[in-house]
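Structural overview
Read off the chains here:
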Amino acid sequence: MSSKDEKSPDTTSFAWDSMIDVWDMVENLLAGTQAMRDAGTTYLPQHDEESGGGYTERLMTNVLTNKFEQTLDNFVGRPFSEPVRFNEDTPDNIKELSNNIDLMGNNITVFCRQWFREGLAKGFSHCLIDFPRMDEEERGTRTLADDMAEGRRPYWVMVKPENLIFAAAETVETEEGVQEFLTHVRIKEVVVEQFGFTEVAHEQIRVIEPGRFELWRKVVAKGKRKPEWKLIDRGETGLPFVPLITFYASRTGLMLAKPPFEDLAHLNIRHWQSTSDQINVLTVARFPMLAVAGAMDSGGGTMAIGPRQLLGTKDPN
């Protein structure tokens, strides 16, 4: 978990702290056998008096039967058996954006299916409406026609719940009743840059508030060994709200939920443990320990065990 430091942008909320263990369990299950093996004793405890080599063998020969993922995909497929449809009064330019809603080639049906799957698995998930970066001078002189001519347009970004490390909101009375509006969110990201023939991954935090944003990145300052958070960008969004939408599968509070399949996830973890024990039992049973008293090989020397060996004894009785 991140530190609890009011000056550090990676400080997590109490809601995030209470949910992260469940999210990690779900993420490892969805990642499959290798991820479960890499988790080691987190989901497969080492038995008392079990040697390190014996535990490693038991862990690395275990295979996950992923009933959690099978059940999840079965439920997710039902509402998306047909593509997303628009109302008759939906503007044509919105329909056109839907063909490549995330600027990564995914149409709105594919994106919403992934968004729904993530939320159903972990209790909730987010969609950030983003827009290409513009400086202050550019924002003041550009028109919608300029954006359309250059292909600048808003696009959707799916944000996993474990990557939104902090959120704050306030309730406001409107004509439609009391509504909740986000006032501050912090999103953890990893950006990969290429330098020659190698790549460098940068950990960064995006801070978004109504009308403004900040971008913090972990860098190693000159003369220091440990990386520190540094503000590398800031600006205005031109929006009086935080452009983030959260889909809750089973909300219990702000950024809090009980994942609908959480108990199934725990049951699948138990099956992972039970399968390991079962395989271990078969391994032991298939290699019996033989004990012989008063027997020797035909030459009277050390006895060899095998399907083509003959045991003998000098005592005819």
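Use the structure listed above.
A brief report on the enclosed structure follows. These figures come from a predicted structure and were not determined experimentally. (Residues numbered from 1 in each chain as written. Predicted model: local features only at pLDDT ≥ 70, side-chain atom pairs only at ≥ 80, totals over all residues. Heavy atoms only, no water.)

1. Describing the overall build of the chain
- When you go through the chain residue by residue, the secondary structure sums to nine helices and 12 strands.
- Put simply, the chain has 317 residues, and 33% of those count as buried.
- Contacts in the chain between residues far apart in sequence, at least 24 positions, make up 57% of those at least 6 positions apart.
- Only carbon and sulfur atoms are counted for the fraction: they give 54% of the accessible area of the chain, which is about 20300 Å². (Helix = DSSP H or I, 4+ residues; strand = E, 2+ residues; numbered from the N terminus. Buried < 20%, exposed > 50% of the residue type's maximum accessible area, 1.4 Å probe, protein only. Contact = heavy atoms within 4.5 Å. Areas by Shrake-Rupley, 256 points an atom, 1.4 Å probe, with all protein chains shown as cover.)

2. Regarding the pattern of salt bridges
- The full count for this structure, using the stated rule, is 20 salt bridges.
- Members of the salt-bridge network, linked through shared partners, are Glu27, Glu118, Lys122, Lys160 and Glu162. (Salt bridge = Lys/Arg side-chain N within 4 Å of Asp/Glu carboxyl O.)

3. Re the sheet that holds strand E8 (residues 244–248)
- Reading across the sheet, the three strands line up as E2-E1-E8 and stay open at both edges, with antiparallel pairing between neighbours. Here the strands that pair on one side only, and so sit at the sheet edges, are strand E2 (155–159) and E8. Within the sheet, the average angular offset between the axes of one strand and its neighbour, ignoring direction, is 25 degrees.
- Pairing analysis gives five bridges linking strand E1 (residues 124–130) to E2, with the strands arranged antiparallel. By the bridge assignment, Cys127 is partnered in E2 with Met158.
- Packing of helix H6 (residues 108–122) onto the sheet brings it into contact with E1, E2 and E8, and relative to E1 it is tilted by some 140 degrees. (Pairing = 2+ DSSP bridges. Axes fitted to C-alpha atoms, helices over the stretch in contact; angles between N-to-C directions.)

4. What to know about the sheet that holds strand E5 (residues 198–209)
- Across the sheet, which stays open at both edges, the five strands sit in the order E3-E4-E5-E6-E7 with antiparallel pairing between neighbours. The open sheet is flanked by strand E3 (164–174) and strand E7 (228–236), the only strands paired with a single partner. Across the sheet, the axes of successive neighbouring strands diverge by a mean angle of 25 degrees, strand direction being ignored.
- In this structure, E5 lies alongside strand E6 (residues 212–219), joined through six bridges in antiparallel fashion. Looking across to E6, one finds that Ile205 is bridged to Trp216.

5. Here we look at the layout of surface pockets
- The calculated volume of the largest pocket comes to roughly 660 Å³.
- Asp130, Phe131, Pro132, Phe213 and Thr237 are the residues nearest the centre of the largest pocket, which is lined by 23 residues in total.
- Listed by contribution, the elements that provide at least two residues to the lining of the largest pocket are E1, strand E4 (177–195), E5, E6 and E7.
- Across the lining of the largest pocket, the residue classes tally to 14 nonpolar, two polar and seven charged. (1 Å grid on protein atoms, 1.4 Å probe; cavity = no way out; pocket = protein on both sides within 12 Å on 5 of 7 lines; lining within 4 Å. Points joined across faces, edges and corners; volume = space filled by probe spheres on them. Nonpolar A, V, L, I, M, F, W, Y, C, P; charged D, E, K, R; others polar.)

6. Side note on the environment of Pro83
- Topologically, Pro83 is positioned in the loop between helix H4 (67–77) and helix H5 (92–97).
- Considering only alpha carbons, one finds Pro83 and Thr109, 26 residues apart in sequence, at a separation of 5.6 Å.

7. Brief notes about the packing of aromatic side chains
- Applying the stated criterion across every chain, the model contains eight aromatic pairs.
- The interplanar angle of 75 degrees and the centroid separation of 6.4 Å between the aromatic rings of Trp115 and Trp156 together place this pair among those described as edge-to-face. Residue Trp115 is located in helix H6, and its partner Trp156 is located in strand E2; the two are separated by 41 residues in the primary sequence.
- Classification of Trp115 as buried rests on a relative accessible area of 13%.
- Here the aromatic rings of Phe124 and Tyr248 are separated by 5.4 Å at their centres, their planes lie at 45 degrees, and the arrangement is tilted. Of the two residues, Phe124 sits in strand E1 while Tyr248 sits in strand E8, which places them 124 residues apart along the sequence. (Phe/Tyr/Trp six-rings, centres within 6.5 Å; stacked < 30°, edge-to-face > 60°.)

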